[in-house]
Amino acid sequence: MFITLEGSEGAGKSTLIKNLKKYFIDNSIEFIFTKEPGSTEEGAELRKLLLDKTIELDPISETFLLLADRIEHVRKIIHPALEKNKNILSDRYLDSTYAYQGAGRKINKEDLDKFIKPLNFPEPDLTIYLDLPVEEGLMRAKDRDTLDRFEEEEIDFFERIRDSYLKLAREDSNRIVTIDSTNSEKEVFELAKECIEKKLNES
Ligand code: TMP
């Protein structure tokens, strides 16, 4: 089972992951938790570059760095896990690229598809998208000590990203489940747990 978690800055992905990890351990459900960018040794170097706000990157260069991270991630972590029929949950994956580089950085979808489709990345069985109004997410994110290269962007950038996630969720409603992140931490966890368990029982 391959599950991905998506959402903009401050949407509560980290809190949900913390709660899911505890739940899976308490219930002896085996899950591998991973994330993008930066889960492999090589990816960790790429992540540093991608988040470094002293670096100015062309949107296409940014996309290729993210894809290089994904290639290593899929080859070294996701594929081996799926081949052994393990459950894996990735904090961000393909939809992030369509939302951030597509809508956020304004790379058109046809161009993104040309870069991405030949790479044959595995499709997630389920994607949970945590949706939150942009202002609220940015307020939560700004409570953090330092802002990275993405978090420093203007509000319009994040509005485009949210609209794009909502559109992706409408277009692929069999795969993507939207959870309203203005709900309490407990409610978000219960809703996510419910749809993960439903998927696990189907398989
Ligand atoms: P994180 O804060 O969730 O760890 O993610 C780091 C940043 O990377 C986040 O601002 C979103 C960005 N990102 C993209 O722009 N495109 C992608 O494809 C991925 C995986 C992440």
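Refer to the preceding data block for the structure.
Residues numbered from 1 in each chain as written. Predicted model: local features only at pLDDT ≥ 70, side-chain atom pairs only at ≥ 80, totals over all residues. Heavy atoms only, no water.

The geometry of helix α3 (residues 59-83) relative to helix α5 (residues 109-116) is characterised by a closest axis approach of 11 Å and an angle of 35° between their N-to-C directions. For the pair α3 and α5, the sense of crossing is right-handed. Mapping the contact onto sequence places Ile60, Thr63, Phe64 and Leu67 in α3 and Leu112, Phe115 and Ile116 in α5. Residues that form the contact of α3 with α5 fall into these classes: six nonpolar, one polar and no charged. (Axes fitted to C-alpha atoms, helices over the stretch in contact; angles between N-to-C directions. Helix = DSSP H or I, 4+ residues; strand = E, 2+ residues; numbered from the N terminus. Left-handed = near helix turned anticlockwise from the far one by under 90°. Contact = heavy atoms within 4.5 Å. Nonpolar A, V, L, I, M, F, W, Y, C, P; charged D, E, K, R; others polar.)

Moving on, we get to the pattern of salt bridges. Summed over the entire model, instances satisfying the criterion amount to 23 salt bridges. Between Arg149 and Glu62 there is a salt bridge, with its nearest N and O atoms 2.6 Å apart. Here Arg149 is found in the loop between α6 (134-142) and α7 (155-171), whereas its partner Glu62 is found in helix α3, with 87 residues between them in sequence. It is possible to trace a salt-bridge network through shared partners that takes in Glu42, Glu72, Arg75 and Lys76. (Salt bridge = Lys/Arg side-chain N within 4 Å of Asp/Glu carboxyl O.)

Counting residues in each nonpolar core, the largest one holds 26 residues, and the members touching the most others are Tyr93, Tyr100, Ile116, Phe121, Ile161 and Tyr165. Every element with two or more residues in this core is listed here: α3, α4 (94-104), α5, α6 and α7. Per element, the largest residue contribution to this core is six residues, and it comes from α7. Apart from residues no more than four positions distant in its own chain, Ile116 is found in contact with Leu67, Leu94, Thr97, Tyr98 and Phe121. Judged by nonpolar contacts, the second largest core, of 21 residues, contains Ile3, Tyr23, Leu130 and Ile179. (Core = buried A, V, L, I, M, F, W, Y, C linked by side-chain atoms within 4.5 Å. Buried < 20%, exposed > 50% of the residue type's maximum accessible area, 1.4 Å probe, protein only.)

Now for the sheet that holds strand β1 (residues 2-7). Spatially, the five strands line up as an open sheet ordered β2-β3-β1-β4-β5, and their pairing is parallel. Looking along the sheet, the strands with just one partner apiece sit at the ends: β2 (32-35) and β5 (176-180). Sheet twist, expressed as the average angle between the axes of neighbouring strands with direction ignored, equals 20°. Here β1 pairs with strand β3 (residues 88-91) via four bridges, running parallel. Within β3, the residue paired with Thr4 across the bridge is Ser90. Sheet contacts for α4: β1, β4 (126-131) and β5; angle to β1, the most-contacted strand, approximately 25°. (Pairing = 2+ DSSP bridges.)

Another aspect to go through is α4. Most of α4 sits out of view: ten of its eleven residues are buried. Looking at α4, one finds that the buried residues are Leu94, Asp95, Ser96, Thr97, Tyr98, Ala99, Tyr100, Gln101, Gly102 and Gly104. Where α4 is buried, its residues contact β1, α3, α5, β4, α7 and β5.

A cluster of acidic side chains, namely Glu135, Glu154, Asp156, Glu159 and Asp163, defines a negative patch on the protein surface. For the negative patch, the leading source of residues is α7, giving three residues. Topologically, Glu159 is positioned in helix α7. On the accessibility criterion, Glu159 (33% relative accessible area) is partly exposed. (Patch = residues over 30% accessible without salt bridge, like charges linked within 9 Å, V, L, I, M, F, W, Y side chains within 5 Å. Areas by Shrake-Rupley, 256 points an atom, 1.4 Å probe, with all protein chains shown as cover. Lys, Arg positive; Asp, Glu negative; His and termini not counted. Charge placed at Lys NZ, Arg CZ, Asp CG, Glu CD.)

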